[in-house]
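# Remarks on the overall topology
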Amino acid sequence: EAHRDLPQLMPFLHLPIQSGSDAVLRRMNRKHTVKQYLQTIERLRRARSDIAFSSDFIVGFPGESERDFEESLKIVRDVAYVSAYSFKYSRRPGTPGASLPDQVDEDQKAERLARLQHLVEDHQKAFNTASVGRTLDVLLDRAGRKPGQLAGRGRRVRMRRALVDRGVEHRRGQVHQAGLQPSRVVFHAQLSAAGRASPGTGQGAQGSSSAISGQSG
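Figured I'd write up the structure that's included with this text. (Residues numbered from 1 in each chain as written. Predicted model: local features only at pLDDT ≥ 70, side-chain atom pairs only at ≥ 80, totals over all residues. Heavy atoms only, no water.)

### Quick look at unusual backbone geometry
The cut-off we apply is this: In DSSP terms, a helix is any run of H or I states spanning at least four residues, a strand is any run of E spanning at least two, and both are numbered starting from the N terminus. Only protein chains enter the accessibility calculation, which uses a 1.4 Å probe. A residue is then buried if its area is under 20% of the maximum for its type, exposed if over 50%, and partly exposed in between.
Its identity as a non-glycine residue notwithstanding, Gln-18 has a phi of 75°, on the positive side. With respect to the helices and strands, Gln-18 occurs in the loop between strand S1 (12–14) and helix H2 (22–27). Judged by its relative accessible area of 13%, Gln-18 is buried. If you check the backbone angles, Asn-29 has positive phi at about 65° while not being a glycine. Asn-29 sits in the exposed class, given a relative accessible area of 53%.

### Considering the environment of Ser-19
For clarity, the threshold we go by: In this analysis, two residues are considered to be in contact whenever any of their non-hydrogen atoms come within 4.5 Å of each other.
Along the chain, Ser-19 turns up in the loop between S1 and H2. For the pair Ser-19 and Glu-70, spaced 51 residues apart in the sequence, the C-alpha separation amounts to 9.9 Å. Excluding anything up to four places from it in sequence, Ser-19 contacts Val-24, Leu-25, Met-28, Val-34, Phe-57 and Ser-72.

### Comments concerning the nonpolar core
Selection criterion: As used in this record, nonpolar core signifies buried Ala, Val, Leu, Ile, Met, Phe, Trp, Tyr and Cys residues forming a set joined through side-chain atoms within 4.5 Å.
By size, the foremost hydrophobic cluster in this structure holds 21 residues, and its most contacted members are Ile-17, Tyr-37, Phe-53, Phe-57, Ile-75, Tyr-81 and Leu-116. Every element with two or more residues in this core is listed here: helix H3 (34–47), strand S2 (52–59), helix H4 (66–79) and helix H5 (106–131). The biggest single contributor to this core is H4, with 5 residues. If we ignore the near neighbours within four places in the chain, the residues touching Ile-17 are Leu-25, His-32, Tyr-37, Ser-55, Asp-56, Phe-57, Ile-75 and Tyr-81.

Laid out in structure tokens, this is it:
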């Protein structure tokens, strides 16, 4: 309900899965199943049809077969993640996984990681391309690295950078509108007295103009 009802809550959620194989999840001692995970995805999409997801994946966990790995690729296709943090399993002394049998060969882990990342990148490119030319809401939620910068999240895309001119830094926590162009988000807006942004360029109610730009992804 929160994703449906709160405009400040951008429809983007990081929801780790680790593996698309129930057998691997059990060996990892994870308490969820793939079915439970997908049911959560379904509930969220019923509440907000345009919500996008990112996730975490570990490939090459001990005992992971090619069939197990293919199930991870399947969940990437089914959910259509727009990004993912993905890693090769690293055998560390003293950890439970280090003593498990059927350790996966390093070359095989690298090959599987490359295949998974390539698939995620394909979905990410399709997601971003479908957003080009749309007007999006962007929540400016934190300061950037430099003075005059705000970072934000969008409804259809995460913004890695958001640049805001002096005089509008106090707009943090408010929702503004942005237009997405290829490879970056560009925003020029008039700020109303209520802090709502409308497409265009010029002086706002406070006598200041604002611009936001950022990379999609």
